[in-house]
There are 2 protein chains.
Amino acid sequence: MRTTGTPESPVPSGSSHLLRTINERAALYHLLENDTLTRVELRKLTGLAKPTASQVMLRLFESGLAVTLGRTTAKQVGPRAEVYSVNADHAFAAAVTLHEPDGVTVAIRDLKGRERASSTRRIDFTAVPVDRAVQNMLSATTRDAGIDFARIAVVHLAVPGAYDAETDTIGYADIPGAPEVHMREAIETYMGCPVTIHNDVNAATVAERRNPSVSGGLVLLWLGREGIGTGIDLSQGLIVGARGAAGELGYVPVYPDRTGPDDPTYQDWIGPPAVIELGRAHGIEGPDAAAVMTAAVKQGAEGFLNAYADRVAGALHLLTCLLDPPSLVIGGEIARAGGETLVDRVRRHAEALAERILPSAVYGDAVAIGVLDLAYEDLKHRVLDTALA
Amino acid sequence: MRTTGTPESPVPSGSSHLLRTINERAALYHLLENDTLTRVELRKLTGLAKPTASQVMLRLFESGLAVTLGRTTAKQVGPRAEVYSVNADHAFAAAVTLHEPDGVTVAIRDLKGRERASSTRRIDFTAVPVDRAVQNMLSATTRDAGIDFARIAVVHLAVPGAYDAETDTIGYADIPGAPEVHMREAIETYMGCPVTIHNDVNAATVAERRNPSVSGGLVLLWLGREGIGTGIDLSQGLIVGARGAAGELGYVPVYPDRTGPDDPTYQDWIGPPAVIELGRAHGIEGPDAAAVMTAAVKQGAEGFLNAYADRVAGALHLLTCLLDPPSLVIGGEIARAGGETLVDRVRRHAEALAERILPSAVYGDAVAIGVLDLAYEDLKHRVLDTALA
DNA sequence: TTAATAGTTAGATAAGATTACTAACTTATA
DNA sequence: TATAAGTTAGTAATCTTATCTAACTATTAA
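Residues numbered from 1 in each chain as written. Chains lettered and ligands numbered in written order. Predicted model: local features only at pLDDT ≥ 70, side-chain atom pairs only at ≥ 80, totals over all residues. Heavy atoms only, no water.

*Asks:* Explain the overall build of chain A to me, please; I cannot follow it from the model alone.
*Replies:* On a plain count of helices and strands, chain A comes out with twelve helices and 15 strands. Once the C-alpha set of chain A is aligned to its principal axes, its extents read approximately 75 × 50 × 45 Å. The buried share among the 389 residues of chain A stands at 54%. Counted over contacts in chain A with a minimum sequence separation of 6, partners at least 24 positions apart contribute 61%. As displayed, chain A offers around 16,600 Å² of accessible surface, 50% of which is attributable to carbon and sulfur atoms. With 36 positive and 48 negative side-chain charges, chain A shows a spacing of 12 Å between the two charge centroids. (Helix = DSSP H or I, 4+ residues; strand = E, 2+ residues; numbered from the N terminus. Buried < 20%, exposed > 50% of the residue type's maximum accessible area, 1.4 Å probe, protein only. Contact = heavy atoms within 4.5 Å. Areas by Shrake-Rupley, 256 points an atom, 1.4 Å probe, with all protein chains shown as cover. Lys, Arg positive; Asp, Glu negative; His and termini not counted. Charge placed at Lys NZ, Arg CZ, Asp CG, Glu CD.)

This is the structure in structure tokens:
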């Protein structure tokens, strides 16, 4: 927001220019929210007078932020109203997901929120450095979709590990070379636009916001093929931590009086090792934890399911005592393999928490969806904040 | 903020009136921040033109929000500038603290942030219902300080327990009658102003914001005489939980495979029972946990101190894995009794976390200070949001 | 069936109101 | 006498209300 106040103050001051900016921002906001808008609809939403609404739309059109899509098909008497819309090609949001140990997914959404391109590849990061690989993927995906590279206005990455924004370093990720690369700086220099990096579980947590039965925040317990984690997304927003290491339940010791390096952590207690070990104890085998869970559900292995569900319920109890979230979502490959059966067993073991527990409502790659949602939200905010100077 | 848009939208629109409101809000904000302000100083802060600055100040004066304090003592040539200030008596913030089992503290701050009244009493809540007691204390304290009762614009309460804003009920508090009273409704009806209720540990956490070495958020581990708890105050603000029950570390089982009602929780592991029991094991006695800690420090009982510090460090490790806060503060009566000695021992047992661990920097009643800070901040926001319509 | 007419809606234009800015002026003070 | 505080007058930008034009639908009469 433009202000004439010399030092930046949280409470702005300004003159008539500010008023125009405010009204154009409002119009653009409603355009972003409403897909198409006539001048009359804009007036209903903003309360602006007819001439003002016309002028505001004209300026949005002239600046290239809005386009006209013709006129309404007459449903009532009178002339047909001119239909405006956000110019979808004015700016794009790009989302990148790094999968352990060698996957890269890129997806691009336009300003109207439509997915315009996506691609996934396996890349040997010992041959191509991870930052170069991401840059190449971004360029190729943009080019193949016929998108103007310079119009990519934001890039968000999801990485499997803790990202420390302060030092621009990725920790714990099982991706060759990742800890040595200053990823944000590398991509920002290449793309010439702001880059934001997220933990993959946090991105998956954001994707769960799409679940209509979740409101006012959620905690996601991620039971992944590679490991576990927690995403904390409360009413105030995502909790990422000072060094990007919030939600690392996997590193919490199970027994506070046994905290040595070989003593069990929650990774061993409810993560893939626990599933495999519990499976073996109940005579269920599989190539990985998700497969064991699939087999257990198929066989109706109540002994295994109850033992594991009890542990998961314990973890949810811990999270609830500390964070008291409105909803607890169980996600990740192991949870998906367990399906409604596992959620049901966890609910039975969770007593008072039962009604807060939900299965993941995201179909497909929750991490990729979440990071694309984050990128698109960021794009909208930046367009609102900067497009009208 | 006044908008002409019919339905409330997060992005406002408006006409010239909005501009005046914005500029008066800005002026009021700077008045609240700066104690005194001349027109010239306001111009430097806002960038407003001379006549506008004059007019804005005039309107603030006429509405009773600002007062004149005379003129500057001439340091330079030219006429002496008129000195404006916020009218301290325009509105007041009241803070109430309920102490287990029978204490009530009331404090009142004026719009300039000065403490104008405070009083503490012991009240038998089996004789006087707790809501009546609070009402009486508020009336008496206001009257004795010569403050206009109708000018109390906000009331904040700190209660020892979980406050569920949804149902307006206080849980877990060891105060007779508290669970049955709808405290917010009762006080709001009596006072005719908005009432907000906080958990006491959360209030104490807010008080730690005053610590200059804390920035970007903190987690407070409260080791109180009555019990333990956690306050989570990250960059996004206080995490209170869906039912006001966030930070209840005391209810977390120590061993996830022993979750029965008689199995140990963190209350038993690092709370008052643990201090007394550990003290006994090391030959240190006292009437309560804080006294045991005082004695241990005085005697230099390294065995006791190291055993307890190791447990506290474990709790801090748990909190860091889940929340990754920039700072970890240890507070409460037990922590105060332990002083720098205890903090030092905890740091030694906490390894990588050591540099994040701080003792409480609040002198006096952290809960009462925190809730008064919360009340005053709320007052300032409400004055800015509502005073100028 | 066709053509004229009445009524409604989209959008443009003109006039008036509000607010802020610039520039010149007045007054007080070292 | 120069400088700084504050006021007054005039100008510019923006929004609003009121009015006007054009377009289109629906009704009605020939």
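*Asks:* How should I be thinking about the protein's contact with DNA strand D in this particular structure?
*Replies:* Around DNA strand D there are 27 residues in total, and Asn23 and Thr52 of chain A together with Lys50, Pro79 and Glu82 of chain B lie nearest to it. Within 4 Å of the protein, the contacting atoms of DNA strand D are 74% sugar and phosphate, with bases supplying the remainder. Note that a phosphate oxygen of DNA strand D is positioned 3.1 Å from one of the side-chain N or O atoms of Ser54 of chain B. In this structure, a phosphate oxygen belonging to DNA strand D sits 2.5 Å away from a main-chain N or O atom of Glu82 of chain B. Residue assignment for the surface near DNA strand D shows that the elements contributing at least two residues are helix H1 (16-34) and helix H3 (50-62) of chain A together with helix H2 (39-46) and helix H3 (50-62) of chain B. The element that contributes the greatest number of residues to the surface near DNA strand D is H1 of chain A, accounting for five residues. Looking at side-chain class alone, the surface near DNA strand D contains eleven nonpolar, nine polar and seven charged residues. (Near = heavy atom within 4 Å. Polar contact = N/O pair within 3.5 Å; in protein donor to acceptor, adjacent residues only side chain to side chain. Nonpolar A, V, L, I, M, F, W, Y, C, P; charged D, E, K, R; others polar.)

*Asks:* Looking at this structure, how should I read the interface of chain B and chain A?
*Replies:* Often, the extent of an interface is quoted as the loss of accessible area upon association of its parts. Counting residues at the interface gives 63 residues for chain B and 62 residues for chain A. Surface buried jointly by chain B and chain A totals about 4,600 Å² across both partners, of which 63% is contributed by carbon and sulfur atoms. Connecting chain B to chain A are zero salt bridges. Between chain B and chain A we count 22 residue pairs in polar contact (both at pLDDT 80 or more) in total. (Buried area = accessible area lost by both parts, 1.4 Å probe. Salt bridge = Lys/Arg side-chain N within 4 Å of Asp/Glu carboxyl O.)

*Asks:* Got a minute to help me understand the sheet that holds strand S11 (residues 217-223) of chain A in this structure?
*Replies:* Two modes of strand pairing occur in sheets, parallel and antiparallel, and in both the strands are linked by backbone hydrogen bonds. Residues and elements named next belong to chain A. Taken in spatial order, the five strands make up an open sheet running S13-S12-S11-S14-S15, and their pairing is mixed. With partners counted over all chains shown, the strands left at the sheet margins are strand S13 (237-238) and strand S15 (357-359), one partner each. Of the pairings in the sheet, the one linking S11 to strand S12 (residues 228-234) comprises seven bridges and is antiparallel in character. Bridge pairing in S12 places Leu218 opposite Asp233. (Pairing = 2+ DSSP bridges.)

*Asks:* I keep staring at the protein's contact with DNA strand C and nothing clicks. Help me out?
*Replies:* Residues in close proximity to DNA strand C total 25 residues, the closest being Lys50, Pro79 and Glu82 of chain A together with Asn23 and Thr52 of chain B. Restricting attention to atoms of DNA strand C within 4 Å of the protein, one finds that 74% of them are sugar or phosphate atoms. Residue Arg39 of chain A places a side-chain N or O atom 3.4 Å away from a sugar or linking oxygen belonging to DNA strand C. Only helix H2 (39-46) and H3 of chain A together with helix H1 (16-34) and H3 of chain B provide two or more residues apiece to the surface near DNA strand C. The biggest single contributor to the surface near DNA strand C is H1 of chain B, with five residues. Grouping the constituent residues of the surface near DNA strand C by class yields eleven nonpolar, eight polar and six charged.

*Asks:* What is the right way to read the pairing of strand S14 (residues 328-331) of chain A from this model?
*Replies:* Residue and element names in this part refer to chain A. Residues Leu328 and Ile330 point to one face of S14 and Val329 and Gly331 to the other, with burial holding for every one of them. Pairing geometry for S11 and S14, over four bridges, is parallel. Looking across to S14, one finds that Leu221 is bridged to Ile330. As paired elements, S14 and S15 share three bridges and run parallel to each other.

*Asks:* Looking at this model, I keep getting lost on the relation of the copies chain B and chain A. Mind explaining?
*Replies:* Between the two copies of this chain, the relationship is a rotation about some axis together with a displacement along it. Mapping chain B onto chain A calls for a screw motion: a turn of 180° about the axis and a shift of 0.0 Å along it, with 0.1 Å RMSD after fitting. Taken together, these values place the two copies in the relation of a two-fold axis. An overlap of 98% is found between the interface residues of chain B and their copies at the interface of chain A, pointing to a shared contact surface. (Least-squares fit on C-alpha atoms with pLDDT ≥ 70 in both.)

*Asks:* In this structure, what is going on with the packing of helix H4 (residues 130-144) of chain A against helix H5 (residues 183-191) of chain A? I would like to understand it.
*Replies:* A pair of packed helices is captured by two measures, namely the crossing angle of their axes and the spacing between those axes. Residue and element names in this part refer to chain A. Contact pair H4 / H5: the axes reach a minimum separation of 10 Å and the direction vectors enclose 35°. Helix-helix and strand crossings are classified by hand; for H4 and H5 the assignment is right-handed. Residue-level contacts link Val130, Asp131, Arg132, Val134, Gln135, Leu138 and Ser139 of H4 to Met183, Ala186, Ile187, Tyr190 and Met191 of H5. (Axes fitted to C-alpha atoms, helices over the stretch in contact; angles between N-to-C directions. Left-handed = near helix turned anticlockwise from the far one by under 90°.)

*Asks:* Looking at this structure, I do not really get the packing of aromatic side chains. What am I missing?
*Replies:* For any pair of aromatic rings, the description consists of the separation of the ring centres together with the inter-plane angle of the planes. According to the stated counting rule, one finds seven aromatic pairs over all chains in the structure shown. With centroids separated by 6.3 Å and ring planes inclined at 10°, the aromatic side chains of Phe304 of chain A and Tyr308 of chain A adopt a geometry described as stacked. A residue pair is termed a helical-turn pair when its members lie 3 or 4 positions apart in one helix, as Phe304 of chain A and Tyr308 of chain A do in helix H10 (residues 302-323) at four residues. The two residues Phe304 of chain A and Tyr308 of chain A agree in class, both being buried. Note on Tyr172 of chain B and Tyr251 of chain B: the rings are 5.0 Å apart at their centroids and 40° apart in plane angle, and the pair reads as tilted. Here Tyr172 of chain B, found in the loop between strand S9 (169-171) and helix H5 (183-191), pairs with Tyr251 of chain B, found in the loop between strand S13 (237-238) and helix H7 (266-270); they are 79 residues apart in sequence, far enough to count as distant. Residue classification places Tyr251 of chain B among the partly exposed residues on the basis of a relative accessible area of 41%. (Phe/Tyr/Trp six-rings, centres within 6.5 Å; stacked < 30°, edge-to-face > 60°.)

*Asks:* What should I look at first to understand the domain arrangement of chain A in this one?
*Replies:* Residue and element names in this part refer to chain A. What the domain assignment lists for chain A is domain 1 (16-86), domain 2 (90-203 + 368-386) and domain 3 (213-361). Computed from C-alpha coordinates alone, the two centres of domain 1 and domain 2 are separated by 33 Å. Every contact between the two is made by eleven residues of domain 1 and, on the other side, seven residues of domain 2. Across the interface of domain 1 and domain 2, roughly 860 Å² is buried in total on both sides, 63% from carbon and sulfur atoms. (Domains from an automatic or database assignment.)

*Asks:* What is the right way to read the pattern of salt bridges from this model?
*Replies:* Oppositely charged side chains can pair when the atoms bearing their charge come close. Counted by the stated rule, this structure contains 44 salt bridges over all chains. As a salt-bridge pair, Arg114 of chain A and Asp110 of chain A come within 3.4 Å of each other at their nearest N and O atoms. Of the charged contacts in the structure, one is a salt bridge between Asp373 of chain B and Arg109 of chain B, with a shortest N-O distance of 3.1 Å. Residue Asp373 of chain B is located in helix H12 (residues 366-386), and its partner Arg109 of chain B is located in strand S5 (residues 103-110); the two are separated by 264 residues in the primary sequence.

*Asks:* Hey, could you run me through the environment of Asn199 of chain A in this one?
*Replies:* All names here are of chain A. Secondary-structure assignment places Asn199 in strand S10 (residues 195-199). Those residues within four positions of Asn199 in sequence are excluded, and the remaining contacts are Val159, Gly161, Ala162 and Glu248. Here Gly161 takes part through its backbone oxygen, which lies 2.8 Å from a polar atom of the side chain of Asn199.

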